[in-house]
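Residues per chain are reported as follows:
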Amino acid sequence: IVHVWISLPLCTMYIISLVGNLGLVYLIYYEESLHHPMYFFFGHALSLVDLLTCTTTLPNALCIFWFSLKEINFNACLAQMFFVHGFTGVESGVLMLMALDRYVAICYPLRYATILTNPIIAKAGLATFLRGVLLMIPFPFLVKRLPFCQSNFISHTYCDHMSVVKLSCASITVSVICGLMVALLIGVFDICCISLSYTLILKAAISLSSSDARQKAFSTCTAHISAIIITYVPAFFTFFAHRFGGHTIPPSLHIIVANLYLLLPLTLNPIVYGVKTKQIRKSVIKFFQGDKGAG
């Protein structure tokens, strides 16, 4: 009974997030005024990546709560681990691209259309996707070569990399080092780029003479900053807790934060962008008013 009650908010959040993200993707495709790089990154990249990441984990978690299906094939576990970490790496790259988009829009507004052309956007998106996927390819092979001669019980609702390798009875030094290197190449690099972008944005916004212009510059970034906080805070907690938390952090807290790390961005990003982004808000009103008029 407890598991059913735990699963209800998760299932509700998942359904709401599916409707919100798919609706937002359709809206950006439908509304020509939203055919800009920022909305492309969010609608056709961030939302889809969030959906794919959560879909690889949450149905399995709900099966655990509803039907007590607590077993998973080892190869399926490795595949789930690859997709979860690969997609989260792509999501981090998308957030970085969105920060660069805001930097160009605020610091070089007159050259925005010439700098962020469609070929540039396509190449940046492809490079971000390939980086997230290619850096994760070695991990399933590294895990598969490890001997598992003790417990095969994972205190988790999905196959997280560190949760799996900690079950091995051999040295996991190589896997840990590779995990740290990928974290540096993706997480730390993206955070540095985002921080640099917003430092330059802040400098450019402060130098504006008009208070209205400064307010407009800051308001265009609030939704993206909210998405960054929603994504990175649980992610860094999960990363550091696994490696440095030891036995000081309860396993239940690990599991809750790790699931929120996947589910919160999926649920909150459409709400945050719908409320904070004026153009999306107007397009939603226009869409429903158009439907009402047609009816």
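Residues numbered from 1 in each chain as written. Predicted model: local features only at pLDDT ≥ 70, side-chain atom pairs only at ≥ 80, totals over all residues. Heavy atoms only, no water.

A. Representation of the state of the cysteines. Here the structure, examined in full by the defined rule, presents 2 disulfides. Paired through a disulfide, C77 and C159 show a sulfur-sulfur distance of 2.0 Å. Given an S-S torsion of about -125 degrees, the disulfide between C77 and C159 has left-handed geometry. With a gap of 82 residues between them, C77 in helix α4 (residues 74–107) and C159 in the loop between α7 (138–144) and α8 (161–165) connect regions that are remote in the sequence. Here C77 and C159 have matching classes, each one buried. (Disulfide = S-S within 2.5 Å. Helix = DSSP H or I, 4+ residues; strand = E, 2+ residues; numbered from the N terminus. Buried < 20%, exposed > 50% of the residue type's maximum accessible area, 1.4 Å probe, protein only.)

B. Layout of the side chain of D50. With respect to the helices, strands and loops of the structure, D50 is situated in helix α2 (residues 37–55). No salt bridge is formed by the buried D50. Its closest oppositely charged neighbour is R131, at 13 Å. In contact with D50, other than residues within four places in its own chain, are E91, P265, L266 and N269. (Lys, Arg positive; Asp, Glu negative; His and termini not counted. Salt bridge = Lys/Arg side-chain N within 4 Å of Asp/Glu carboxyl O. Contact = heavy atoms within 4.5 Å.)

C. Main features of the nonpolar core. Among the nonpolar cores identified, the biggest contains 26 residues, and F41, V94, L95, M98, I194, Y198 and I201 are the most heavily contacted of them. Elements with a minimum of two residues in this core: α2, α4, α9 (173–206) and α10 (211–244). With 11 residues, the single largest contributor to this core is α4. With residues up to four places along the chain from it excluded, the contact list for L95 reads L46, I194, H224, A227, I228, T231 and Y232. Counting residues in each nonpolar core, the second largest holds 15 residues, with F82, M162, V164 and V165 among its members. (Core = buried A, V, L, I, M, F, W, Y, C linked by side-chain atoms within 4.5 Å.)

D. Just the packing of α4 against helix α6 (residues 118–134), in detail. Interaxial distance between α4 and α6 falls to 8 Å at its minimum, and their mutual angle equals 145 degrees. You can see that α4 and α6 cross each other, and the crossing is right-handed. Facing α4, whose interface residues are F82, G86, G89, V90, S92, G93, V94 and L97, α6 presents A124, G125, T128, F129, R131, G132 and V133. Within the contact of α4 with α6, the residues separate by chemical class into 7 nonpolar, 7 polar and 1 charged. (Axes fitted to C-alpha atoms, helices over the stretch in contact; angles between N-to-C directions. Left-handed = near helix turned anticlockwise from the far one by under 90°. Nonpolar A, V, L, I, M, F, W, Y, C, P; charged D, E, K, R; others polar.)

E. Up close: the pattern of salt bridges. Per the stated rule, a full pass over the model turns up 2 salt bridges. In this structure, the salt-bridge partner of R131 is D190, at a minimum N-O distance of 2.8 Å. Of this pair, R131 sits in helix α6 while D190 sits in helix α9; the two residues are 59 residues apart in sequence, bridging distant segments of the chain.

F. Expanded view of α4. With 34 residues, α4 should reach 50 Å at 1.5 Å per residue; the first-to-last C-alpha distance of 50 Å fits that figure. Of all the 34 residues making up α4, 26 are buried; the element is thus mostly covered by neighbouring parts of the structure. For α4, the capping residue at the N-terminal end is N73, with a side-chain oxygen 2.8 Å from the backbone nitrogen of N75. (Expected span 1.5 Å × (residues − 1). Polar contact = N/O pair within 3.5 Å; in protein donor to acceptor, adjacent residues only side chain to side chain.)

G. Focus on empty space enclosed by the protein. Scanning the entire structure with this criterion turns up 1 cavity of 30 Å³ or more. What lines the largest cavity is L10, C54, T57, L58, N259, L262 and L263. Top contributing element to the lining of the largest cavity by residue count: helix α11 (residues 251–276), with 3 residues. Tallied by class, residues from the lining of the largest cavity come to 5 nonpolar, 2 polar and no charged. (1 Å grid on protein atoms, 1.4 Å probe; cavity = no way out; pocket = protein on both sides within 12 Å on 5 of 7 lines; lining within 4 Å. Points joined across faces, edges and corners; volume = space filled by probe spheres on them.)

In short, geometric facts, not functional conclusions.
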